[in-house]
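Examining the three-dimensional arrangement
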Amino acid sequence: MTHAAAPHAAQMTAGPNAAHFATLGGLFNNGLGDASAKVRLSALRATLALVSNASGDASGPEMAIVRGLVPGVLAAARRAVAAGEEDHAGVAYEVLDELIESTPAALAGKVPELVAFCVEVASSPSLGTTTRRRALDVVAFLGAISLHWSPYDPVGVVNAVP
């Protein structure tokens, strides 16, 4: 999360908006599994906005909601790649990048599945170079962040110094 986005994130999670976070998370999760590619793409974009505005508090109620969106994001990415909707997969990669950067604890238990998916995409000769590279970028970004984050760190803390 950038410093410019931080004040907006605080506004999103404080006050009356906090009550809507769970409702939005459920709505977006349903959209991620929709039969329509157009709806899935809109849900990916909406999920990106929601994740961008979530607090990084690993023990907060928002983290459970964000964590619940991860399987839907991965499923939407798989469907996009399988259907040849590489631009839609690109939006899914943006969501995954945001999850890695701002709420890494949301990926707990999903990292092996995420890495396997990205390696599968990267090794597929039928996909475009950009899609394959973006999959590798997600893994590289995950590796870079993982060097500075540990589940044993205090809740919500990411060590900036290796």
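Bear in mind the structure is a predicted one, so any value in this text is a computation, not a measurement.

We now examine the overall build of the protein. A tally of regular secondary structure across the protein gives seven helices and zero strands. For the protein, the sequential pattern of α-helices and β-strands runs α-α-α-α-α-α-α. Residues classed as buried in the protein amount to 40% of the 162 residues present. Nonlocal contacts in the protein, meaning residues at least 24 apart in sequence, comprise 65% of its contacts between residues at least 6 apart. When the accessible surface of the protein is totalled, it reaches about 8100 Å², and 63% of it is carbon and sulfur.

All right, on to the environment of L69 then. Tracing the chain through its elements places L69 in helix α4 (residues 61-82). L69 sits in the buried class, given a relative accessible area of 2%. It is 8.9 Å that separates the C-alpha atoms of L69 and A106, two residues lying 37 residues apart in sequence. The residues touching L69, leaving out its near neighbours within four places in the chain, are G25, F28, N29, L32, T47 and L50.

Below, the discussion takes up the confidence of the model for the protein. Low pLDDT means the predicted coordinates in that region are not meant to be read closely. In the predicted model, the protein carries a mean pLDDT of 82, and 78% of its residues have values of at least 70. Within the protein, no element has a lower average pLDDT than helix α1 (residues 6-13), which sits at 40, and none a higher one than helix α3 (residues 37-52), at 95. This model gives residues 1-15 a pLDDT under 50, and the stretch forms 22 contacts once residues within four places in sequence are excluded. Overall, residues 155-162 carries pLDDT values under 50, and its contacts beyond four positions in sequence, including any with other chains, amount to 14 contacts.

A separate point is the nonpolar core. Grouped together as the largest cluster of nonpolar side chains are 42 residues, with contacts concentrated most on L44, Y93, L96, L99, L114 and F117. Breaking this core down by element, the ones donating at least two residues are α2 (18-32), α3, α4, α5 (86-102), α6 (111-122) and α7 (129-146). No other element matches the 10 residues that α4 contributes to this core. Those residues in contact with L114 that sit more than four places away from it in its chain are L74, L96, L107, V138 and L142.

Where α3 meets α4, the axes come as close as 11 Å, and the angle between the chain directions of the two elements is 145 degrees. The chirality of how α3 crosses α4 is left-handed. Counting all contacts with α3, which are made through R40, L44, T47, L50 and V51, the residues of α4 involved are V66, L69, V73, A76 and R79. A per-class count over the contact of α3 with α4 returns seven nonpolar, one polar and two charged.

Moving on, we come to the environment of R78. Summarising the element assignment, R78 is placed in helix α4. Using a relative accessible area of 32% as the deciding quantity, one classes R78 as partly exposed. The spatial distance from the C-alpha of R78 to the C-alpha of V121 is 9.0 Å, given a sequence separation of 43 residues. With near-sequence residues (within four places) excluded, R78 lies in contact with E113, F117 and E120.

In this structure the tally under the stated criterion is four salt bridges. For the salt bridge of E85 with R40, the shortest nitrogen-to-oxygen distance reads 3.7 Å. In this pair, E85 is assigned in the loop between α4 and α5 and R40 in helix α3, connecting sequence segments 45 residues apart. Neither residue differs from the other here; E85 and R40 are each classed as buried. With its nearest N and O atoms 3.1 Å apart, the salt bridge here joins D97 to R134. A residue pair is termed long-range when its members are at least 10 positions apart, and D97 in helix α5 and R134 in helix α7 qualify at 37 residues. Comparing D97 with R134 shows no difference in burial state: the two are buried.

Here is what the cut-offs are and how they apply
Residues numbered from 1 in each chain as written. Predicted model: local features only at pLDDT ≥ 70, side-chain atom pairs only at ≥ 80, totals over all residues. Heavy atoms only, no water. Helix = DSSP H or I, 4+ residues; strand = E, 2+ residues; numbered from the N terminus. Buried < 20%, exposed > 50% of the residue type's maximum accessible area, 1.4 Å probe, protein only. Contact = heavy atoms within 4.5 Å. Areas by Shrake-Rupley, 256 points an atom, 1.4 Å probe, with all protein chains shown as cover. pLDDT = per-residue confidence, 0-100. Core = buried A, V, L, I, M, F, W, Y, C linked by side-chain atoms within 4.5 Å. Axes fitted to C-alpha atoms, helices over the stretch in contact; angles between N-to-C directions. Left-handed = near helix turned anticlockwise from the far one by under 90°. Nonpolar A, V, L, I, M, F, W, Y, C, P; charged D, E, K, R; others polar. Salt bridge = Lys/Arg side-chain N within 4 Å of Asp/Glu carboxyl O.

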